[in-house]
Amino acid sequence: MTNILLQDIYIQVAIPVPMRQLFTYLVPNALLNDKSLVGERVIVPFGHRQVIGIVISVDDDTPLEKDKLKAIISRIDSDTHLPAPLLKLLTLAARYYHHPIGDVFQQALPVLLRKTEPPKKPVCHYWQFNESCEPTKIKTFKQGRAKKQIQLLRLIENHHKLTWPEIRTLGYTKAQLKSLEEKQFISALEKPIEVYHWQTKYLNESDKLNLSAEQAVIVSAIDQSTEQYSCHLVDGVTGSGKTEVYLQAMEKVLANNQQVLVLVPEIGLTPQTLNRFEQRFNVPIFLHHSGLNDKERFDTWQSALQNCAAIVIGTRSAVFSPLPKLGLIIVDEEHDGSFKQQDSFRYHGRDIAILRAKQLNIPIVLGSATPSFESLQNALTNKYHYHQLTKRAGKSVEAKISLIDVANQPLEFGLSKPLKQLINTTLNRGEQVLVFLNRRGFAPAINCNECHWVADCHRCNKPYTLHRSQGLLICHHCTSQKRIPQQCPDCGSVRIKPVGQGTEQIEEYLTETFSQYSTVRIDRDSTRKKGELAKRLQAITDKEHQILIGTQMLAKGHHFPDVTLVAMLDIDGALFSFDYRASEHMAQLLVQVAGRAGRASKPGKVIVQTQYPQHPLLQDLVNNGYRHFAQQSLTERKMAYLPPFGYQALFRAEANYPSYPEKFLRQLAQTPISSCEIAGPMPAAMEKKAGKYRFHLILQAKSRPELHTAIRQMIAQSQQNEWLNKVRWTIDIDPIDLSW
DNA sequence: AGCACGCCGACT
DNA sequence: GTCGGCGTGCTC
């Protein structure tokens, strides 16, 4: 390592370690060329190993001791150079969330960029119906027994072409595909992905709908601000035509040869969304979600970067797609909690999207039937353009919500008599019923009827959930499993019984009670298998089932026009939660579930079972609707300086011993800071989880700058904290779930 | 997060 | 005697 060969060029590199800093390196003369280093990946010596880092900036001087610096080993020169705006976005995000910058880059980039060898240029593999094969051969095949293959063939026929990721998401295997290919019903095609250029036939006009007056106003508002930042909140009930607004807003942007980014809450929604977009636009569309493997994700990333993708549809992390010609961002179901990452780098996909739109000077559209209170507040104070879609397409009416008081009446498996009667009459009319219970498993606990012993998970100190179909007790907090005990370990009694109801139990009960009808359950357990969710949803649409039971999975995206009765069994928990957001989430869930049901000719009805029918929150929601409810809650939050009127940060610390996290946070709370309130340290609502003891410290300020200054002071102080190395700790900016 | 260094227990 | 347990400290 001689310094003679080195020119005075110092680069700041983001290294994948959990440290809130950049590392400075020298660049040997031999590695300099006319390409800018900024945004490039480099291999650097780091401690006793070599790692891949990303160059954040280039300087010609450094305050560090120059002879202690190391030189980079090599540059990974390829076509994976990060565009400057994305680099800036990630740097800003790291600063805003006070998260280690190396980790921010690592999480935002596809895993394959962690490797030195970048995979080759993506090609698009797809399967197409073979027009030249004999119709008679197909006819006989379709009457045959290879059910899955027949379904798949039909799908490929209907879609003209399907790619492997799409086929896999729909629940089919490579084997089934190969088999169809061997029979020559379909053929595999591949083509290199090309740079996208606007073409006259990019739009399928025949698919286009006429806009209502309300919709037209929104579209023209967005169209008028294409060259500048503007945020549009589209507040519209289910079926009011939000998607059509998105599509027509995208039209101008695509015609302008720009790219569009669409964020959706979960993968469950992507195939549908893709379908609708593909029918309208003849442009390359790429998906980005957790169902893709590393190669596929990299393909999307690369295609976006090379301007081969016109539209990227994806979940939370798609907000970091490199889109050099991004012209519009759409965040669908913006209120959805899944936009917030709930571990390590706790960013909010929607908020990053807004930051990105501001940075690029482009419009962004947030859509929801139940906007988050933050967004509503921004709309009411004119930070966002607020658009309401009040009319449902066609003549359908919004479902009416009514309450059933269950405080003084016996329940059978969680269902009241009047509710059972309603279910019965609805089924007899030949209509479908949806029973909603946000608790999977058979029962949320089991206990001993003699000594009141409860089976608790020892790692979390919380009751095990009984999963009877699997014959197991499963802890929903740490996923640990245990056999069901035959005897009470305390008193030896065999009278061990389930307590309370979960979806599994309700399904069993309803199947027995209404045995002439078919029942289907939709929750994480019953849809674990790939394609199972799509299959069950299709079966519901095909009216194979009359009774639908499910958790909040049922509240997302899908519409069930033949469901005319929605029953919500247990929402009381949210009425008395210490978490001030619980009621917001309850209201959103209720309105979302209600929106799943009914159509013009058959309006839906929503029944909520509650012990507290007079509770002001419920009364307000039922009588005055979501928006009034939201405004009431916002008034209350304003008085208490709660978000969005105050700004919060949550420090979490955990360790294997209960005293460490508390001591660490107590010392952290001693940091001299101004204009911020500190609450805690207090044990987390789940003090013990997966064997670790957890404490919280909440910081609250009346302005963001004050909050960030205080956090910076506390981070600086934490270096001297004597318990620092005994705990793991993280910062959560704008925390949503305070319970863990 | 890795990875090395270092200082104590149960093995051939 | 030493293999390896994981506590501690460092990384431009």
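The coordinates are above.
Now for a look at the structure at hand. Since we're looking at a predicted model, the values are computed, not measured.

For the rest of this paragraph, the subject is the packing of helix 3 (residues 135-142) against helix 4 (residues 147-159). At a minimum axis distance of 10 Å, the contact between helix 3 and helix 4 shows a crossing angle of 135 degrees. Considering their axes alone, helix 3 and helix 4 lie oblique with respect to each other. In contact with Ile-138, Phe-141 and Lys-142 of helix 3, helix 4 contributes Gln-149, Ile-150, Leu-153, Arg-154 and Glu-157. Looking at the contact of helix 3 with helix 4, its residues break down into 4 nonpolar, 1 polar and 3 charged.

A complete count under the given rule lists 33 salt bridges for this structure. Here Glu-508 makes a salt bridge to Arg-468, at a shortest N to O gap of 2.9 Å. Here Glu-508 is found in helix 14 (residues 503-513), whereas its partner Arg-468 is found in the loop between strand 22 (465-467) and strand 23 (472-474), with 40 residues between them in sequence. Owing to a relative accessible area of 34%, Glu-508 belongs among the partly exposed residues under this scheme. Exposure remark for Arg-468: the relative accessible area of 41% places this residue in the partly exposed category. Residue Arg-666 is joined to Glu-662 by a salt bridge in which the shortest nitrogen-to-oxygen separation is 3.1 Å. Within this pair, Arg-666 and its partner Glu-662 are both found in helix 18 (residues 659-669), separated by 4 residues, close to a single helical turn. Judged by its relative accessible area of 44%, Arg-666 falls in the partly exposed class. Bridged by salt links that share partners, the residues Glu-334, Arg-350, Asp-351, Glu-374 and Arg-581 form one connected network.

Here we come to the protein's contact with DNA strand B. As a matter of local geometry, DNA strand B sits amid Val-17, Pro-18, His-48, Arg-49 and Arg-728. Taking the atoms of DNA strand B that fall within 4 Å of the protein, sugar and phosphate contribute 59% of them. Between DNA strand B and Arg-728 there is a distance of 3.2 Å, counted from a phosphate oxygen to a side-chain nitrogen or oxygen. A class-by-class count of the residues in the surface near DNA strand B yields 2 nonpolar, 1 polar and 2 charged.

Scoring rules and cut-offs
Residues numbered from 1 in each chain as written. Chains lettered and ligands numbered in written order. Predicted model: local features only at pLDDT ≥ 70, side-chain atom pairs only at ≥ 80, totals over all residues. Heavy atoms only, no water. Axes fitted to C-alpha atoms, helices over the stretch in contact; angles between N-to-C directions. Helix = DSSP H or I, 4+ residues; strand = E, 2+ residues; numbered from the N terminus. Parallel < 35°, antiparallel > 145°, perpendicular 65-115°, else oblique. Contact = heavy atoms within 4.5 Å. Nonpolar A, V, L, I, M, F, W, Y, C, P; charged D, E, K, R; others polar. Salt bridge = Lys/Arg side-chain N within 4 Å of Asp/Glu carboxyl O. Buried < 20%, exposed > 50% of the residue type's maximum accessible area, 1.4 Å probe, protein only. Near = heavy atom within 4 Å. Polar contact = N/O pair within 3.5 Å; in protein donor to acceptor, adjacent residues only side chain to side chain.

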